[in-house]
Amino acid sequence: MNIKKYIFAVAAACVGVSAIAAAKAPIAVKWEMGINEFKPGFCSTQFTIRNISGSTLNSDWDFYYNMFSRSISTPDGSTVEVKEIAPNYYRIKPNGLYKPLAAGDSLKVTVLMEGTFRSICYGPGGGHFAFNGSTDVPIPVQIFIPVMNDPRQWTVPGHELVNYPDGKFMYDFNGQINPAGTEYTGNAYNVFPTPKSIRLTSGIVTFPSSVSISAKDALNTAEDYLNEKLENCGISVSKRARMNISLQILPNNVQNPEYYEMRVVAGKIIIAGSTETGVLNGVKTLVAVVERGGGAGTKMPEAVITDYPDFHYRGMSVDIARNFTKAADLKKLIDVLGSLKINTFQLHFTDDEAWRLEISGIPELTQVGSRKGLTNDEKEFLIQTYAGNGNPNDTTTSANGYISRAQFIDIIKYAASRGVEIIPEIESPGHARAAIVSLKARYSKLIATNPAEANRYRVWDLNDKSDFTSSQGYHDNILNVGEEGTYRFMEKVIDEIISMYAEAGVKLKTMHIGGDEVPEGAWSASPSIEALKAKEGIKTEHELAAYYLDRVSAFIASKGLKTGGWQEVAANHPDAFNKRVAPRINGVGVWSTMGSSDKVPYEIANSGYPVILSNVNNFYYDMVYSRHQYELGLNWGGAVSEFESWNAQPYNMYRSARYNYYTGKPFDLAKAADGKPALEKKENIIGVQGQLWAETIRNFPQVESYIFPKILGMVERGWDAIPDWGNDYTDFTRYNAERAQYNLKIGLEELPRLEKIGCNFHIGQPGIIVKDGQLLANSQYPGETIRYTLDGSEPTATSAEWTAPVPVPDSAKLIKAKAFYLGKESVTTYLFR
C-alpha cells in the first residue's frame, strides 16, 4: 500500500477529530535556528524533513506551519518552494527539482529569514501535512526544535543584547531583589494589594476549623463568597462555632464605596464596609490571610485594618480570539483575579483571527469564525494562524473553540459573585477579519434565495478597490463604515449581548468597541465611502473613523450604556467632537507609553476623556519576562516582569520606565518630565489595566504564567497609586529596599498561596558566576532549589543541587543552572566561559 492510501485508510477507520489524530504523518520535521546575520539583514534556519513512512515519498505533498511573518528566501537549487500563503502561515511544497525521497532519507531545507531571531516564540509551530493541496485530511506534525546553545542564534554578533539574563546579569539582579541577609518584614495581613493601614494590637488569634457568619444587612454576595472560600480551606460554617465573623455596613457615610474596616480580636472578626463592595473587599483580605496560612490553625495577630483603593477601575483584558481560552479556564482566572481585588475583566472575544462568542441569529460567526485549519477558500472556516494542526474541528488545540451563549451568561454571573464586572469588547472597525469572513460565508449562503437577508449584515462594499495592509499583514480586515450593514451588524451584536446580561440578572454598564489600528488606505477606494463623505462633508480617513465612533457610541448610549475603546477613539479630535462624544465614554485604554509616546495618556486625559492606563511597558503581560531566548512572549514593547508593573506611577507617568529596553541605559528620572505635558485633569486617570494578547499563547497554564506574578505590581498600583519612593529621582535607597520587600512578599507569601489554590505562575532564573575557580549561585526567592550542570547539558530535577561553592574545571565552557520552587522551574541560565 502506498503512503497516500495508507493514510486515508487509517482515517476512514476512524470518526471525527480522532481520524486526523489516528493518521500518522509520513514525515518527521526538525527545525534548527542557524545564526543571525548569516548575510546582512538575514538569519539562517534549516528544516530537516525525514521520510518515516517506509515507502518512497513522491512530490505530491505539502507541509504547512505557522510562524510570525517575515520575508523569506531559499537558496538557488532548492528542491522545494517555501512560501507565506497567509499572514503567519507557510507552506513547503516540492518544486520541479525535487526527487522522490526514499524511506528513511532526509531532505534539508535552508530558509533565510529577514531580521533578527530573538526567542523561541518566533520559531515555527502548528505543523501539518497534506497530499496534493488536499484540505480533507491534514495530519498533525510535531516540529522538533533542538536546544539553542550558540549566542549567535539569538543575538547579532558584535551587537550583543543589553541586559541579556546570563549568569552574571542574574547574579547581580538577584543580589538586588533578594539581598543576602534581608529579612521579610511583612505580617499576616500584608496581602496583595497591601492594605492602607494595619494596626497590630496585643494578642494572637488562631483561626479555628469552624466559624459562624452573621450579616446584619443584605450582603449575600460577600457572605456567599466567604462561605465558599472558607469551605475550600477546609473550614466549616456553623452557627454553634466559637468564632464569629460579622459582616456589616458602616453606619457613617464614607465617600469611598470600596472602603472597609476589619477588626480581629479573640473569638470575633468584624468586617464593615461603606457598601457591599467594601465588605467584599474586606472579606477578600481575610480569605487571603487564611489561604496563606493553610486554613485552620492560621495565626493572626489581633489587629485593626482600614483600607480602600485609590482607583475604582482595576482591570485585566484577556484576548481569547487569537488563541482560545475555554469558559471553565476563564472562570478559574476570574476567581484568582477577583481574589486580588481586580474588579473588571475585559473579554477580547473577537479579532482578525477568530470570533469566539455565540451570537443568536448569526451562527456563521462561530461556525466559521471560531474554527481554523487548512483551507483554500475560507468558506467553512478560517485559515490557520499562530497555532493548530490543520483540523478546524479539533478543540484540543488553542486554534478552535468559542464561548456559547449559555456559557457567557454563566461567566457573567460567576464574575459578579466575585465582585468582577465583565466588559465585552467588540473589536471594530479594525481587527474585524474573522467577522468579515464569517459574514461573507453567510452572504454566499443566502444571496441566491434571500438577497435582502444576505445584505442585512454586509459589512463590505462589493465594489471596494481599497489597497491597504494592517499592522498584522491583512488586506481585508476593516469594516466599511459607509455600509449600513456595518451598523445593523454592530447593533445586532450589541443587542444580543445586552440580552445575555439581562438573562444573567447582571447590569451591563460598558460596551467596548475597540477602535484601534485602522490602517491608512482602508477606505481609500470605496464607492460607499465616497458617498458617505459627500453626504456628511467628511474629508479624511480619521474623520471617517470619528463618524463611526460617534454613530455607534450614540446607539450604545441609547441603550443606557457607556462606550469603552482603545486610545485611538479619543485621539486628535476637535473640541466640538470631544464635547459631544466624551460624555458617552467611560474608559479609554491608553497603551502607547514608550519613548515620545509616553505623553499620550496625559494628553487624552487633559482633553476630557477618562483614561485607563494600559501601559505597554508596564502592563502588557504578553511581553517577555526577560530577553532570554526561552522566555515566552513578544518583545516589541520591551520586557515586562513583576518589577516593571510595580514601577508604574499613574500620576508620574514619565518616570514609570526606569531604563531604555533597547540600550539598557537608565533614564535620568529627574529630567524625565522635561518638555512634556503635565497632567492637568488628575480626575481623568480612572484606573489601570493589564493586557494579555494571545499570539504566543498555546494553553491555559501559559495564560496563568504570563499573568502571575507579573500582575502583582499593577495590583499594588491600582490600590496605592502613589508609591513612597515615587519622587526619589537620584537616591534609590528606599526604592531598592521596598522592591526587595515586594519581591520577598511575592516569593514567600503570594506564590505559596497561588500554589495552594492550583494556579500556575512564573519564577525567575538563578544567577551563577565563577569566582576564584568556584561556582557561586543565588536565586530570586529564599528557599529555591538550584540545580546545575558543568557540561552544557540542560539541568533537570535530578541534576546536581547547588548548596555551596563548587569547584569548576577549566574544561567547563558552558555552565547551566535552573531554579526549582513550589513545583515550578525557571528557564535555564547560561554562563559562557
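Residues numbered from 1 in each chain as written. Predicted model: local features only at pLDDT ≥ 70, side-chain atom pairs only at ≥ 80, totals over all residues. Heavy atoms only, no water.

Where do I start with the overall build of the protein chain in this structure?
Broken down by element type, the protein chain carries 20 helices and 37 strands. Computed over C-alpha atoms, the radius of gyration of the protein chain comes to 28 Å, within 12% of the 28 Å expected from 2.2 N^0.38 for 833 residues, which places it in the range of a compact globule. Taken along the three principal axes of its C-alpha coordinates, the protein chain extends 85 × 80 × 60 Å. In the protein chain, the share of contacts with a sequence separation of at least 24, taken over all contacts with a separation of at least 6, comes to 73%. Of the roughly 32,100 Å² of accessible surface on the protein chain, a fraction of 51% belongs to carbon and sulfur atoms. Positive and negative side-chain charges of the protein chain, numbering 84 and 92 respectively, have mean locations separated by a distance of 2 Å. (Helix = DSSP H or I, 4+ residues; strand = E, 2+ residues; numbered from the N terminus. Rg over C-alpha atoms; globule rule 2.2 N^0.38 Å. Contact = heavy atoms within 4.5 Å. Areas by Shrake-Rupley, 256 points an atom, 1.4 Å probe, with all protein chains shown as cover. Lys, Arg positive; Asp, Glu negative; His and termini not counted. Charge placed at Lys NZ, Arg CZ, Asp CG, Glu CD.)

What is the right way to look at the sheet that holds strand β31 (residues 774–778) in this model?
Whenever strands of a sheet pair, they do so through backbone hydrogen bonds, lying parallel or antiparallel. Reading across from one edge, β30-β31-β34 is the order of the three strands in this open sheet, with antiparallel pairing throughout. Bordering the open sheet on either side are β30 (767–771) and β34 (806–807), each of which pairs with just one other strand. Sheet topology places β31 next to β34; two bridges connect them, and they run antiparallel. If you follow Leu 775 over to β34, its bridge partner there is Val 806. Across the sheet, helix α3 (residues 167–177) touches β30 and β31, and the angle it forms with β30 is around 110°. (Pairing = 2+ DSSP bridges. Axes fitted to C-alpha atoms, helices over the stretch in contact; angles between N-to-C directions.)

Before we go on, may I ask you to explain helix α9 (residues 433–446) in this structure?
What sets the pattern is the α-helix's 3.6 residues per turn: residues three or four places apart point alike. Between its first and last C-alpha, α9 extends 20 Å over 14 residues, near the 20 Å set by a 1.5 Å rise per residue. Of all 14 residues in α9, eleven are buried; the element is thus mostly enclosed. Within α9, the full set of buried residues consists of Arg 433, Ala 434, Ala 435, Ile 436, Val 437, Ser 438, Leu 439, Ala 441, Arg 442, Tyr 443 and Leu 446. Where α9 is buried, its residues touch β20 (350–351), β21 (354–355), α7 (364–367), β23 (382–383), α10 (451–456) and α11 (484–504). (Expected span 1.5 Å × (residues − 1). Buried < 20%, exposed > 50% of the residue type's maximum accessible area, 1.4 Å probe, protein only.)

Looking at this structure, how should I read the environment of Ala 266?
Within the secondary structure layout, Ala 266 lies in the loop between β15 (260–265) and β16 (268–273). What makes Ala 266 exposed here is its relative accessible area of 61%. Sequence separation of Ala 266 and Gly 203 is 63 residues, and the distance between their C-alpha atoms is 8.1 Å. Those residues within four positions of Ala 266 in sequence are excluded, and the remaining contacts are Val 205 and Glu 302.

Just to check I follow, could you spell out the environment of Val 506 for this structure?
By the secondary structure assignment, Val 506 is in the loop between α11 and β25 (510–514). A sequence separation of 59 residues divides Val 506 from Gly 565, and the C-alpha atoms of the two residues are 22 Å apart.

Sorry if this is basic, but what is going on with the pattern of salt bridges here?
Proximity of charged atoms lets side chains of opposite charge pair with each other. Under the defined criterion, the tally for this structure stands at 39 salt bridges. For Arg 456, the salt bridge goes to Glu 453, with nearest N and O atoms at 3.0 Å. Residue Arg 456 and its partner Glu 453 are both found in helix α10; the two are separated by three residues, about one turn of the helix. Close ionic contact of Glu 750 with Arg 753 constitutes a salt bridge, the shortest N to O distance being 2.8 Å. Placement of the pair is Glu 750 and Arg 753 together in helix α20 (residues 733–756), with a separation of three residues, close to one helical turn. (Salt bridge = Lys/Arg side-chain N within 4 Å of Asp/Glu carboxyl O.)

What should I look at first to understand the packing of aromatic side chains in this one?
Between two aromatic rings, the relevant description is the distance of the centres plus the angle of the planes. Counted according to the given criterion, the structure contains 39 aromatic pairs. Between Tyr 457 and Phe 489, the aromatic rings sit 6.5 Å apart at their centres with planes inclined by 70°, giving edge-to-face as the arrangement. Of the two residues, Tyr 457 sits in the loop between α10 and α11 while Phe 489 sits in helix α11, which places them 32 residues apart along the sequence. By the burial criterion, Tyr 457 is buried, and Phe 489 matches it. An aromatic cluster of three or more residues is present, and its members are Phe 169, Phe 173, Phe 192, Phe 643, Trp 646, Trp 725, Tyr 735 and Tyr 742. Lying over the aromatic face of Tyr 735, Arg 658 brings its terminal NZ or CZ to 3.7 Å of the ring centre. (Phe/Tyr/Trp six-rings, centres within 6.5 Å; stacked < 30°, edge-to-face > 60°. Lys NZ or Arg CZ within 6 Å of the ring centre and 35° of its normal.)

In this structure, what is going on with the packing of α11 against helix α13 (residues 541–558)? I would like to understand it.
The axes of two packed helices give the description: the angle between them and the distance between them. Running from N to C, α11 and α13 cross one another at 35°; their axes reach a closest spacing of 11 Å. In this structure, α11 meets α13 at a crossing whose hand is right-handed. From α11, Glu 484, Thr 486, Tyr 487, Met 490, Glu 491, Ile 494 and Asp 495 reach across to α13, where they touch Tyr 547, Tyr 548, Arg 551, Val 552, Phe 555 and Ile 556. Taken together, the residues of the contact of α11 with α13 sort by class into eight nonpolar, one polar and four charged. (Left-handed = near helix turned anticlockwise from the far one by under 90°. Nonpolar A, V, L, I, M, F, W, Y, C, P; charged D, E, K, R; others polar.)

Sorry, what's going on with the nonpolar core here?
Burial of nonpolar side chains together is a common tendency in soluble globular proteins. Formed by 177 residues in total, the largest nonpolar core has its most connected members in Phe 345, Trp 355, Phe 489, Ile 497, Phe 708 and Ile 711. Considering each element in turn, this core owes the most residues, nine residues, to α11. Excluding anything up to four places from it in sequence, Ile 711 contacts Met 316, Leu 337, Leu 340, Ile 342, Tyr 621 and Ser 645. Formed by 32 residues, the second largest nonpolar core is a distinct cluster that contains Val 191, Met 262, Val 279 and Val 287. (Core = buried A, V, L, I, M, F, W, Y, C linked by side-chain atoms within 4.5 Å.)

What exactly am I supposed to notice about the sheet that holds strand β6 (residues 89–94) here?
Pairing in this open sheet of five strands is antiparallel, and the strands run β5-β6-β3-β8-β9 from one edge to the other. The outermost strands of the open sheet, each flanked by one partner alone, are β5 (80–86) and β9 (139–140). Of the pairings in the sheet, the one linking strand β3 (residues 61–66) to β6 comprises four bridges and is antiparallel in character. Paired with Tyr 65 across the bridge in β6 is Tyr 90.

Looking at this structure, I do not really get the pairing of strand β27 (residues 585–590). What am I missing?
It is a general feature of regular strands that their side chains alternate between the two faces of the sheet. Buried residues dominate β27, accounting for five of its six residues. Here strand β26 (residues 562–566) runs beside β27; their pairing, made up of four bridges, is parallel. In the sheet register, Gly 564 faces β27, and the bridge partner there is Gly 587. Sheet topology note: the β27/strand β28 (residues 611–613) ladder contains three bridges and is parallel. Along β28, the bridge assignment pairs Val 588 with Val 611. Each parallel crossover has a hand, and for β27 linked through helix α15 (residues 600–606) to β28 it is right-handed. (Right-handed = clockwise from strand over helix to strand, strands pointing away.)

What am I meant to see in the confidence of the model for the protein chain here?
Low pLDDT marks regions whose predicted coordinates should not be analysed in detail. Confidence along the protein chain averages 95 in pLDDT terms, with 97% of residues attaining 70 or more. Contacts from residues 6–21, a stretch scored under 50 in pLDDT, to residues over four places away or in other chains number 21 contacts. (pLDDT = per-residue confidence, 0-100.)

Can you help me understand the state of the cysteines in this one?
Two cysteines joined by a covalent bond between their sulfur atoms form a disulfide. Under the definition given, this model contains zero disulfides. Cysteine Cys 43 remains unbridged, with the sulfur of Cys 121 as its closest cysteine sulfur at 15 Å. Take Cys 43: its relative accessible area is 0%, and that puts it in the buried class. Residue classification places Cys 121 among the buried residues on the basis of a relative accessible area of 12%. (Disulfide = S-S within 2.5 Å.)

So what exactly am I meant to see when it comes to unusual backbone geometry here?
As a rule of thumb, non-glycine residues mostly have phi less than zero, and peptide bonds are mostly trans rather than cis. Ser 428 connects to Pro 429 through a cis peptide bond whose omega is -10°. Looking at the element boundaries, Pro 429 is found in the loop between β24 (421–428) and α9. Put simply, Phe 708 and Pro 709 share a cis peptide bond, and its omega is 5°. Locating Pro 709 in the fold gives a position in the loop between α18 (700–707) and α19 (712–719). Positive phi, close to 60°, is recorded for Glu 378, a residue that is not glycine.

Help me understand the side chain of Asp 461 in this model?
Within the secondary structure layout, Asp 461 lies in the loop between α10 and α11. Buried within the structure, Asp 461 lacks any salt-bridge partner; its nearest side chain of opposite charge belongs to Arg 458, at an N-O separation of 5.2 Å. Within the structure, the side chain of Asp 461 is placed 2.9 Å from the backbone nitrogen of Asn 463, a separation counted as a polar contact. (Polar contact = N/O pair within 3.5 Å; in protein donor to acceptor, adjacent residues only side chain to side chain.)

Can you walk me through the side chain of Glu 364 in this structure?
Positionally, Glu 364 belongs in helix α7. Using a relative accessible area of 5% as the deciding quantity, one classes Glu 364 as buried. Setting aside chain neighbours within four positions, we find Glu 364 in contact with Gly 369, Ser 438, Arg 442 and Lys 445.

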